[in-house]
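Structural overview for review
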Amino acid sequence: MTSTGAPGRARFPRSVYGVGEEPDPRFSLANERTFLAWIRTSLALSAAGVALEALDVPVARGLRLACALLLVCLGVLAPVQAWWGWAASERAMRCRRPLPSPLLSPLIAVGTLVAGVLLLLGLLLG
């Protein structure tokens, strides 16, 4: 079997599947579950941002809007992390290299912390 799977069958994206050898399927499936967890995180962050603006949350207007915008922006970044992380990890496994560190995870973590602090301040001041 070639690195692209069945003979004559191209897999997308070629930048991932066109290199190295097939890893153990359990590792690829775990990588896919991590990808899907990032997608769920994206949905949760976006929903939280929309909910802050849609519901009558007793938080000062400026802090509520800043927190909502930050959460929605983080919700937009999470799928980028999902795709980059999945592709980089899959390529690393196929080439028998160490797994890369997550690129945007620290930014998303700090952004979520900041959103939480804004919301806490808004509740205390509101």
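What comes next concerns the included structure. From a predicted model like this one, the values you see are computed outputs, not experimental measurements. (Residues numbered from 1 in each chain as written. Predicted model: local features only at pLDDT ≥ 70, side-chain atom pairs only at ≥ 80, totals over all residues. Heavy atoms only, no water.)

1. Some thoughts on the overall build of the protein
To keep things clear, this is the line we draw: A run of H or I in DSSP becomes a helix once it reaches four residues, and a run of E becomes a strand once it reaches two; helices and strands are each numbered from the N terminus. The rule is simple: take the accessible area with a 1.4 Å probe, protein chains only, and divide by the maximum for that residue type; under 20% is buried, over 50% is exposed, in between is partly exposed. Here a residue-residue contact requires only that any non-hydrogen atoms of the pair lie within 4.5 Å. In these tables, accessible area is a Shrake-Rupley quantity obtained with a 1.4 Å probe, and a residue counts as shielded only by the protein chains included in the view. Counting rule for charge: Lys and Arg are taken as positive, Asp and Glu as negative, and neither His nor the chain ends is counted. Lys charges are placed at NZ, Arg charges at CZ, Asp charges at CG and Glu charges at CD.
In terms of helices and strands, the protein carries four helices and zero strands. Going from the N terminus to the C terminus, the protein shows its helices and strands as α-α-α-α. Summarising its shape, the C-alpha atoms of the protein cover approximately 65 × 25 × 20 Å along the three principal directions. Within the protein, the fraction of its 126 residues that count as buried is 30%. Considering only intrachain contacts with a sequence separation of at least 6, the fraction spanning at least 24 residues in the protein is 67%. Split by element, the accessible area of the protein, about 7800 Å² in all, is 71% carbon and sulfur. Here the protein contributes 12 positively and 7 negatively charged side chains, and the mean placements of these two sets differ by 4 Å.

2. Remarks on unusual backbone geometry
A cis amide bond links Phe 12 with the next residue in sequence, Pro 13, at an omega value of -5°. On the secondary structure map, Pro 13 appears in the segment before helix 1 (14–17). Here Arg 96, not a glycine, exhibits a phi torsion of approximately 55°, which is positive. Residue classification places Arg 96 among the exposed positions, given a relative accessible area of 70%.

3. A short note on helix 2 (residues 25–54)
Heads up, the condition is: A helix is expected to span 1.5 Å multiplied by its residue count minus one.
The end-to-end C-alpha separation of helix 2 is 43 Å, in line with the 44 Å expected for 30 residues at 1.5 Å each. Of all the positions in helix 2, only Ser 28, Asn 31, Trp 38, Ser 42, Leu 45, Gly 49 and Leu 52 are classed as buried. Packing partners of the buried residues in helix 2 comprise helix 3 (61–94) and helix 4 (105–125).

4. Some words on the pattern of salt bridges
Quick reminder of the rule: We count a salt bridge whenever a side-chain nitrogen from Lys or Arg sits within 4 Å of a carboxyl oxygen from Asp or Glu.
Taken as a whole and judged by the stated rule, the model has six salt bridges. One salt bridge connects Glu 22 with Arg 94, and the closest N-O pair in it is separated by 3.1 Å. Remark: Arg 94 occurs in helix 3 and Glu 22 occurs in the loop between helix 1 and helix 2; sequence separation between them is 72 residues. One network of salt bridges, in which partners are shared, links Arg 11, Glu 22 and Arg 94.

5. Quick notes on the state of the cysteines
Such a bond, covalent and formed between the sulfur atoms of two cysteines, is termed a disulfide. Heads up, the rule is: Disulfide assignment relies on a single distance test, namely cysteine sulfur atoms paired within 2.5 Å.
According to the stated counting rule, one finds zero disulfides in the structure shown. Free of any disulfide, Cys 67 has its nearest neighbouring cysteine sulfur in Cys 73, separated by 11 Å.

6. Things to note about the side chain of Ser 105
You can see Ser 105 is positioned in helix 4. For Ser 105, the residues in contact, after removing those within four places along its chain, are Trp 38 and Gln 81.

7. Focus: the packing of helix 3 against helix 4
Convention followed: Every axis in this analysis is a line fitted to C-alpha atoms, fitted for helices over the stretch in contact. Angles between the N-to-C directions lie between 0 and 180 degrees. The labels follow the angle: roughly parallel below 35 degrees, roughly antiparallel above 145, roughly perpendicular from 65 to 115, and oblique for the rest. When the near helix sits turned anticlockwise from the far one by under a right angle, the crossing is termed left-handed; a clockwise turn instead gives a right-handed crossing.
At a closest axis distance of 9 Å, the pairing of helix 3 and helix 4 adopts a crossing angle of 160°. When the axes of helix 3 and helix 4 are compared, the pair comes out roughly antiparallel. For the pair helix 3 and helix 4, the sense of crossing is left-handed. For the pair helix 3 and helix 4, contact is made by Leu 63, Ala 66, Cys 67, Leu 70, Leu 71, Leu 74, Leu 77, Ala 78 and Gln 81 and by Ser 105, Leu 107, Ile 108, Gly 111, Thr 112, Val 114, Ala 115, Leu 118, Leu 119, Leu 121, Gly 122 and Leu 125, respectively.

By themselves these figures say nothing about function.
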